[in-house]
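# Examination of the molecular architecture
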Amino acid sequence: MKTPSDFLWRLIKSLSRTEKLFFTRNFNSSSFQQQRLYLKLFNAISAQKKYNEAELLKKFQPALNKKNIAFQKNYLQKQVCESLIFYEYQRNEEYEIIRLRLLIRLYRRKGLLDEALLLWKKAIQLARKAESFALSSLLKAEFEKMLLISGSHTSYGELLKLFSENAITYEDYAALITLRDIYAEIILIKRNAHFEISESDQQKIIALLEKVDSYTNAYISPSFWYRHYFFMCRISLLYLLNKSPLALKELKSLHQEWMANPKFIRLHGEHYLEVLYMINYCGIQCGDFEFVSMAYTDKSNQLLNDSILTINFEAYRFLALSRIFNKTANYQAVKHLLNTSKNKIAEWEPFLNMDINRTLQMSSGISFFVLEDYDHALSFIKGAVTYITAGIRKELFSVGQMLLLLITYSMNNEKLFEAQYRTTYGFFYKRKKHAFEKAVMECLRRTFYMTDNKEKIKEYQKAIAIINQNSDDIFQRNIFTIFNFFGWLESKVQRISYRRYVEQKVKKEKLQYN
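Summary of the structure given here. For every chain, the first residue of the written sequence is number 1, and numbering continues from 1 onward in sequence order. pLDDT decides what is reported in this predicted model: residues at 70 or higher carry local features, side-chain atom pairs at 80 or more are listed and counted, and totals for whole chains, interfaces and linings draw on all residues regardless. In computing side-chain properties, one takes all heavy atoms of the structure into account and sets aside hydrogens as well as water.

Helix and strand definitions here come from DSSP, where helices need a minimum of 4 consecutive H or I residues and strands a minimum of 2 consecutive E residues; each element is numbered from the N-terminal end. How far a helix is expected to stretch is found by multiplying one less than its residue total by 1.5 Å. If you check helix H7 (residues 113–129), its first and last C-alpha atoms are 24 Å apart, about what 17 residues at 1.5 Å a residue would give, namely 24 Å. Relative accessible area decides the class of each residue, using a 1.4 Å probe on protein chains only: under 20% of the type maximum gives buried, over 50% gives exposed, and in between gives partly exposed. Residues of H7 that are buried: Leu113, Ala116, Leu117, Leu119, Trp120, Lys121, Ala123, Ile124, Leu126, Ala127 and Arg128. Looking one or two residues beyond H7, the residue adopting positive phi is Glu131, at roughly 55°.

Here an axis means a line fitted to C-alpha atoms, over the contact stretch when the element is a helix, while the angle between two N-to-C directions is reported on a 0 to 180 degree scale. In the contact formed by helix H17 (residues 307–327) and helix H18 (residues 331–348), the axes pass within 10 Å of each other and the chain directions differ by 155°. On the basis of their axis angle, the class for H17 and H18 is roughly antiparallel. Along this stretch, H17 crosses H18, giving a crossing that reads as left-handed. Along its contact with H17, which presents Ile311, Glu314, Ala315, Phe318, Leu321, Ser322, Phe325 and Asn326, the element H18 presents Tyr331, Ala333, Val334, Leu337, Leu338, Ser341, Ile345 and Trp348. For the contact of H17 with H18, a count of residues per class yields twelve nonpolar, three polar and one charged. The cut-offs work like this: below 35 degrees is roughly parallel, past 145 is roughly antiparallel, 65 to 115 is roughly perpendicular, and the gaps in between are oblique. Helix crossings fall into two classes, left-handed where the near helix is turned counterclockwise from the far one by less than a right angle and right-handed where it is turned clockwise. The contact definition used throughout considers only heavy atoms, calling two residues in contact when any of these lie within 4.5 Å. Each residue gets one label: Ala, Val, Leu, Ile, Met, Phe, Trp, Tyr, Cys and Pro are nonpolar, Asp, Glu, Lys and Arg are charged, and the others, such as Gly, are polar.

Here, nonpolar core refers to any group of buried Ala, Val, Leu, Ile, Met, Phe, Trp, Tyr and Cys residues whose side-chain atoms link them within 4.5 Å. Grouped together as the largest cluster of nonpolar side chains are 122 residues, with contacts concentrated most on Trp258, Leu360, Leu403, Phe483, Phe485, Trp488 and Leu489. It is helix H12 (residues 224–240) that contributes the most residues to this core, 13 residues altogether. Setting aside its immediate chain neighbours within four residues, Phe483 contacts Ile366, Phe369, Val370, Leu403, Leu406, Trp488 and Tyr498. Judged by nonpolar contacts, the second largest core, of 22 residues, contains Leu37, Tyr38, Leu39 and Leu64.

Glancing now at the packing of aromatic side chains. Geometrically, a pair of aromatic rings is defined through the distance of the ring centres and the angle of the planes. Side-chain rings of Phe, Tyr and Trp, where Trp is taken by its six-membered ring, are said to pair if the distance between their centres is within 6.5 Å; with planes under 30 degrees apart they count as stacked, over 60 as edge-to-face, and otherwise as tilted. Evaluated as defined, the whole model comprises 40 aromatic pairs. A ring pair is formed by Tyr219 and Phe231, whose centres lie 6.0 Å apart and whose planes are at 80°; its orientation type is edge-to-face. Placement of Tyr219 in the loop between helix H11 (199–213) and H12 and of Phe231 in helix H12 is noted, with a sequence separation of twelve residues between them. Owing to a relative accessible area of 47%, Tyr219 belongs among the partly exposed residues under this scheme. A relative accessible area of 9% means that Phe231 is categorised as buried. Ring pairing ties together the aromatic residues Phe369, Tyr374, Phe436, Phe480, Phe483, Phe485, Tyr498 and Tyr501, which thus form one cluster. Above the plane of the ring of Phe291 lies Lys252, whose end atom (NZ or CZ) is 5.4 Å from the centre. Each ring is checked for a lysine NZ or an arginine CZ that lies within 6 Å of its centre and within 35 degrees of its normal; such an atom marks a charge sitting over the ring. The positively charged end of Arg323 is found above the aromatic ring belonging to Tyr281, 5.2 Å away from the centroid.

A side-chain nitrogen of Lys or Arg and a carboxyl oxygen of Asp or Glu constitute a salt bridge if their distance falls within 4 Å. A complete count under the given rule lists 18 salt bridges for this structure. A salt bridge links Arg317 to Glu314; the nearest nitrogen and oxygen atoms lie 2.6 Å apart. With Arg317 and Glu314 both in helix H17 and three residues apart, this pair spans about one turn of that helix. Its relative accessible area of 26% is what places Glu314 among the partly exposed residues. Within this structure, Arg105, Arg108 and Glu142 form a network of salt bridges that share partners.

Most of helix H26 (residues 485–494) sits out of view: eight of its ten residues are buried. If you check which residues of H26 are buried, you get Phe485, Phe486, Gly487, Trp488, Leu489, Glu490, Ser491 and Val493. Under this definition, polar contacts are N or O atom pairs within 3.5 Å; protein pairs additionally need one hydrogen-donor-capable and one acceptor-capable atom, and for neighbouring residues in sequence, both atoms have to be side-chain atoms. The residue sitting at the N-terminus of H26 and contributing the capping side-chain oxygen is Asn484; that oxygen lies 3.2 Å from the backbone nitrogen of Phe486. Two residues or fewer after H26 comes Arg495, characterised by a positive phi angle close to 60°.

With that settled, the discussion passes to the packing of H12 against helix H15 (residues 269–285). Between H12 and H15, whose axes approach to 11 Å, the crossing angle comes to 35°. Viewed along their axes, H12 and H15 form a crossing whose handedness is left-handed. Contacts from Trp225, His228, Tyr229, Met232, Ile235, Ser236 and Tyr239 in H12 reach His271, Glu274, Val275, Met278, Tyr281, Cys282 and Gln285 in H15.

Spelled out as structure tokens, the structure:
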């Protein structure tokens, strides 16, 4: 028997309180029985913690039955979607431009050309102000049709002026489109391998950077989006080439651009979140914790009023704060952050992409490991490893396998360790291991059954020596920004907890800095 679809339930559950109120107030006037039923169905589905179609059939029988439930659900889905579209019209400038364009077409077809032209003037100004270039192009198509049959009293000079006043030149618009396409390509490269970049990808990145650098007009362009795509392309490519300080410098400029144009945060929050995402990675890698904290606590972030964007922002902020607290050895703050966000991570999961979900699981697992809460650490790192999809962030899978080995080693559970060692060995069997991965695995395998601490320390020191010999390995350096395997081995040599090792290291660095 086919399992009933829970899409409608997920759709209704995604609605904000305001959206639900808007729906019930504006779609409640009809007296038709089927429409009264769909409103009852809406309230019943909204109240369900998990979709249960059998419960709905039982509650509303005989009006609702197996024969008509598909129709009722489909009707309700259409009404909810219509409500959402209507709701967005009232708060989104671009939706208003679309509405005006449809009205212009209607007036033109009715022969109301003067009225159509008045609306067109309003719409084109809104489109240019919002830098909605695609909508501007569609409006120009409507303008052309009006010219062909126009009886308007507007002068030719005024019409030409209105038509020709573009926000940017056609050449710059073509450059913007090209940069947008390049950025899409960069995202795919970045998701394929954050750190472990193949030689062919390396050459591609260098070639793309040269191409991006040729669009120097972006520095002086009046177009916000031209500047945004130019900077995001450069920032991402510089980051992939391990030039984070240069990338961070440009990120600061781009962040100021967004702060100076807050309307775009409200209208295009997804692009703004990507800027914050890069601030997290570049800023923390460069040690500029103050800038990262400032970016994530800025009042402009409140303009992300869409529920999905808000959830994504909360997840990004968790990742940023977690990294800062761990890097600064503020473990009380780490513990508090985990306690307040542990359950939220599961709630966020359906609304986040795979990359963010995996990173959340990985970050939480590492934090629990440092706090020596091994059960939670094991659970979260396993959660991260389950997000295995070909071609996306491959380096995190190997980090996950190494961390699972460290956790089971630290739990001192022979059965768990042996099972995990076989799994980790099998993972790396068909994959080329880096020197540090091989060294750590062999060290853990040998020392797990040792009872003589002096012999253990010798094995830890052997692994440390191999890591030092490969200190120029960029992949190794980057992986240690996720978790410091070298530091963990050092803590074992010193016979202190890894947490204590980091606290001492941070304290020493502060004294040297002062």
